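Chain by chain, the residues run as shown.
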Amino acid sequence: MLLIMRFASFLLSGFLFHGLVHAMDFTIEEATIDDLRTAFDRNQLTSKKLVEFYFAEIERLNPLLKGVIEINPDAIHQAEKADQEREARDFGSVLPKLHGIPILLKDNIATKDKLNTTAGSLALLGSIVPRDAGVVKKLREAGAIILGKASLSEWANFRSSNAPNGWSARGGQGKNPYVLSADPCGSSSGSAISVAANMATVSLGTETDGSIICPSSYNSVVGIKPTVGLTSRGMVIPISPRQDTVGPICRTVSDAVYVLDAIVGFDHWDAKATREASKYIPYGGYAKFLKSNGLVGKRLGIVRDPFFLIADTNVALDFDNHLKTLRLEGAVLVDNLEIAHISMYFSTSWEEIALEAEFKKSLNAYLKELVASPVRSLADVIAFNNKFSRLEMIEQFGQQVFLSAEVSNGTGKAVKKAIKNLKKLSKKGFVELMEKNKLDALVAAGPDVATVLAIGGFPGIVVPAAYDGKGVPIGICFGGLKGSEPKLIEIAYGFEQATKNRKPPRFLP
């Protein structure tokens, strides 16, 4: 109700503005950051009008899609400030790429403002964080406008294996804007849904295993899952410091790269990981790798089994054509490769054992640091869910992952052995494949490669690629070794520019 009331005043202005921008030969839908910056410079658009437009679109679409969990009551004020700064700048001065651009944040990324940070759970509603997340601090410094919080699979899909992707007690059930009955995937579902449906310019998601790669694939958007440590996890509700990463989810590769440039780098609150990964950040940033000929000379690995076993014949044909396009654009395809022990990536319990132990320790540390909170430990969250079981739908979805994590021992022999085995599996599998064949990237149809990248902390980029017979999107994923973002960006951008596969959603039943 509060959300509806808050947007009521923007409805009329939003629809009037909708007609205005069309009359001026500029349309906000599907507009890129570069498009918006050009419109700012030509006085066709202000940040305030842009925020009002998104507010109106959220009011119109969010009751159906459930992609946004909360809007920022200070967004209009931030937009007005950005407009004033743009007016007052010295002639010839260049503002940061994200200046005046609205961004939606997944609701596990803390903001020290009027917004909640809850991971979609009622247990954290009203909690107060001590500071902005490290990535949010960098976004504010870049002049971005915090539009609000995106919905997600509750607790980043780590409460239960029974809950549907995109569901949370606070946000309800997120819907795929292409085919409403299709899986929106998780856990960064709302971030992908919202930018796909043009309810925000760009967004941030988080990934532990698949949570950027999968929703980006299923919602026909671009997702960058950075090398672990390249972006700070400080004040992000955690699962695993070994696998967690924060990355952009946007409609285009260029937009995603601009966001990545703004959020990478050292953060005192995630010092060890960000200091180590800072060595990978190229001088001058990542935007210089947006090259339309970026595929020339790249060695791309193709592992047919299991990453190209596509049941839909039309989608399979699309991906055959995509492989031809990669060759035509100058890439060298190293086909019919095998990842050693590939089945073990998906069949062992090692990752589950490690993540549950890491989650308990990390979440307890996060909760204890809050200025105020209804819960201070995983045990408290479990008790809260039992007390409010109807609202949290415990009977339907359970919380067995929480229960397993609570009894786990973060320093036990089983946990240490599991982590050791994961490192060995990654080294003998993906790493050896990449190094032995001198690959710049591994190519995969859809999101199934996510686990291969996740357990080693490796980066991946998803780009829109195809749509099945029902209209459900499927992306192409390019994954590489740690710090290979420059090459992955060249590859992803080259593919995107050669194919232009993204279509706006149609909201099919």
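Above this text is the structure in question.
The paragraphs below set out a description of the structure included in this document. If you're wondering where the values come from, they're calculated on a predicted model, not measured in any experiment.

As for the packing of helix H14 (residues 350–369) against helix H19 (residues 413–436)
Okay, so step 1: The contact between H14 and H19 brings their axes to 8 Å, and the two run at 125 degrees. In this view, H14 runs oblique relative to H19, as classed from their interaxial angle. Two packed elements cross with a definite hand, and for H14 against H19 that hand is left-handed. Taking contact as the criterion, the partners of Trp350, Glu351, Ile353, Ala354, Ala357 and Glu358 in H14 are, on H19, Ala414, Val415, Ala418, Ile419, Asn421, Leu422 and Leu425.
Okay, so step 2: Along the lines of polarity and charge, the residues of the contact of H14 with H19 split into 10 nonpolar, one polar and two charged.

Observations concerning the side chain of Ser151
Okay, so step 1: The topology assignment puts Ser151 in the loop between strand S3 (145–150) and helix H6 (154–157).
Okay, so step 2: Overall, the relative accessible area of 1% leaves Ser151 in the buried class.
Okay, so step 3: Separated by 2.7 Å, the side chain of Ser151 and the backbone oxygen of Lys66 make a polar contact.
Okay, so step 4: For Ser151, the contacting residues outside a window of four places in its chain are Lys66, Gly67, Val68, Ile69, Ser189, Gly190 and Ser191.

Structural notes on the environment of Val472
Okay, so step 1: Looking at the secondary structure, you find Val472 in the loop between strand S12 (460–467) and strand S13 (473–479).
Okay, so step 2: Residue classification places Val472 among the buried positions, given a relative accessible area of 14%.
Okay, so step 3: Filtering out sequence-adjacent residues up to four positions away, Val472 remains in contact with Val179, Ala182, Ala466 and Tyr467.

Some details on empty space enclosed by the protein
It is a probe the size of a water molecule, rolled over the atoms, that shows where empty space is left.
Okay, so step 1: As enumerated under the stated definition, the model contains three cavities of 30 Å³ or more in all.
Okay, so step 2: In this structure, the largest cavity occupies an estimated 50 Å³ of space.
Okay, so step 3: Taken together, Ser153, Glu154, Asn157, Arg159, Ser160, Ala163 and Trp167 make up the full set of residues lining the largest cavity.

Quick word on the pattern of salt bridges
Okay, so step 1: Using the criterion set out here, one finds 23 salt bridges in the structure.
Okay, so step 2: A salt bridge links Asp113 to Arg140, with the nearest nitrogen and oxygen atoms 3.1 Å apart. Of this pair, Asp113 sits in the loop between strand S2 (102–106) and helix H5 (134–141) while Arg140 is found in helix H5, placing the two residues 27 residues apart along the sequence.
Okay, so step 3: A residue is classified by how much of its surface remains accessible, and Asp113, at 26% relative accessible area, is partly exposed.

Some words on the state of the cysteines
Okay, so step 1: Enumeration over the complete set of coordinates arrives at one disulfide.
Okay, so step 2: The disulfide partner of Cys185 is Cys214, and the gap between their sulfur atoms is 1.8 Å. For the disulfide bridge between Cys185 and Cys214, the dihedral angle about the S-S bond is near 95 degrees, and by the sign convention the bridge is right-handed. Placement of Cys185 in the loop between strand S5 (172–173) and helix H7 (189–196) and of Cys214 in helix H8 (residues 213–218) is noted, with a sequence separation of 29 residues between them.
Okay, so step 3: Classification of Cys185 by relative accessible area gives buried; the value is 6%.
Okay, so step 4: Overall, the relative accessible area of 10% leaves Cys214 in the buried class.
Okay, so step 5: The closest cysteine sulfur to the non-disulfide-bonded Cys250 is located on Cys477, 16 Å from its own sulfur.
Okay, so step 6: Its relative accessible area of 0% is what places Cys250 among the buried residues.
Okay, so step 7: With no disulfide partner, Cys477 has as its closest neighbouring cysteine sulfur the one in Cys214, 11 Å distant.
Okay, so step 8: You can call Cys477 buried: its relative accessible area is 1%.

Remarks on the environment of Pro130
Okay, so step 1: Counting through the fold element by element, Pro130 comes out in the loop between S2 and H5.
Okay, so step 2: Taking the C-alpha atoms as reference points, Pro130 and Lys360, 230 residues apart in sequence, are found 20 Å from one another.
Okay, so step 3: Every residue in contact with Pro130, bar those within four places of it in the chain, is listed here: Lys112, Met235, Glu369, Leu370 and Val371.

What about the pairing of strand S8 (residues 245–250)?
Okay, so step 1: Extensive coverage of S8 is indicated by the burial of six of its six residues.
Okay, so step 2: Across five bridges, strand S6 (residues 202–207) lies against S8 in antiparallel orientation. When the bridges of S8 are listed, Thr206 appears paired with Val246.
Okay, so step 3: Two strands pair when backbone bridges link them, and strand S7 (residues 222–225) and S8 are joined in this way by two bridges, in the antiparallel orientation. In the strand pairing of S8, Gly223 is matched with Ile249.

As for the sheet that holds strand S1 (residues 68–71)
Okay, so step 1: Taking strand neighbours across the sheet as the criterion, the 11 strands line up as S1-S3-S2-S6-S8-S7-S12-S13-S11-S9-S10 in an open arrangement whose pairing is mixed. Since the sheet does not close on itself, it has two edges, and those belong to S1 and strand S10 (332–334), each with one partner. Taken over all neighbouring pairs, the strand axes of this sheet differ in orientation by 30 degrees on average, direction set aside.
Okay, so step 2: Here S12 runs beside S13; their pairing, made up of seven bridges, is antiparallel. Opposite Val462, over in S13, you have Cys477 as the bridge partner.
Okay, so step 3: Against the sheet, helix H21 (residues 485–499) contacts S7, strand S9 (299–302), strand S11 (441–445), S12 and S13, and its axis sits at roughly 15 degrees relative to S12.

Concerning the packing of aromatic side chains
Okay, so step 1: In total, this model carries 10 aromatic pairs according to the counting rule given.
Okay, so step 2: Considering the side-chain rings of Phe430 and Phe458, the 5.1 Å spacing of their centres and the 50 degrees angle between planes classify their relative orientation as tilted. In this pair, Phe430 is assigned in helix H19 and Phe458 in the loop between helix H20 (450–454) and S12, connecting sequence segments 28 residues apart.
Okay, so step 3: Overall, Phe430 belongs to the buried group, its relative accessible area being 0%.
Okay, so step 4: Connected via pairs of aromatic rings, a cluster forms that spans Trp155, Phe158, Phe359 and Phe402.
Okay, so step 5: One Lys or Arg, Arg131, reaches over the ring of Trp269 and ends 3.4 Å from the middle of that ring.

Some words on helix H9 (residues 253–263)
Note that an α-helix has 3.6 residues per turn; residues three or four places apart therefore point the same way.
Okay, so step 1: Most of H9 sits out of view: 10 of its 11 residues are buried.
Okay, so step 2: Burial in H9 covers these residues: Val253, Ser254, Asp255, Ala256, Val257, Tyr258, Val259, Leu260, Ala262 and Ile263.
Okay, so step 3: Just downstream of H9, Gly265 is the residue with a positive phi angle, here 120 degrees.

Quick look at the pairing of S13
Taken residue by residue, a regular strand's side chains alternate between the two faces of the sheet.
Okay, so step 1: With seven of seven residues buried, S13 lies mostly within the body of the structure.
Okay, so step 2: In S13, alternate side chains face the same way, and those of Pro473, Gly475, Cys477 and Gly479 on one face and Ile474, Ile476 and Phe478 on the other are all buried.
Okay, so step 3: In terms of strand pairing, S11 meets S13 through four bridges, oriented antiparallel. Residue pairing in the sheet places Leu442 in a bridge with Gly479 of S13.
Okay, so step 4: Hairpin connection of S12 to S13: five residues between the antiparallel strands, including Gly471 at a positive phi of 100 degrees.

Reading guide: rules and limits
- Residues numbered from 1 in each chain as written.
- Predicted model: local features only at pLDDT ≥ 70, side-chain atom pairs only at ≥ 80, totals over all residues.
- Heavy atoms only, no water.
- Axes fitted to C-alpha atoms, helices over the stretch in contact; angles between N-to-C directions.
- Helix = DSSP H or I, 4+ residues; strand = E, 2+ residues; numbered from the N terminus.
- Parallel < 35°, antiparallel > 145°, perpendicular 65-115°, else oblique.
- Left-handed = near helix turned anticlockwise from the far one by under 90°.
- Contact = heavy atoms within 4.5 Å.
- Nonpolar A, V, L, I, M, F, W, Y, C, P; charged D, E, K, R; others polar.
- Buried < 20%, exposed > 50% of the residue type's maximum accessible area, 1.4 Å probe, protein only.
- Polar contact = N/O pair within 3.5 Å; in protein donor to acceptor, adjacent residues only side chain to side chain.
- 1 Å grid on protein atoms, 1.4 Å probe; cavity = no way out; pocket = protein on both sides within 12 Å on 5 of 7 lines; lining within 4 Å.
- Points joined across faces, edges and corners; volume = space filled by probe spheres on them.
- Salt bridge = Lys/Arg side-chain N within 4 Å of Asp/Glu carboxyl O.
- Disulfide = S-S within 2.5 Å.
- Pairing = 2+ DSSP bridges.
- Phe/Tyr/Trp six-rings, centres within 6.5 Å; stacked < 30°, edge-to-face > 60°.
- Lys NZ or Arg CZ within 6 Å of the ring centre and 35° of its normal.

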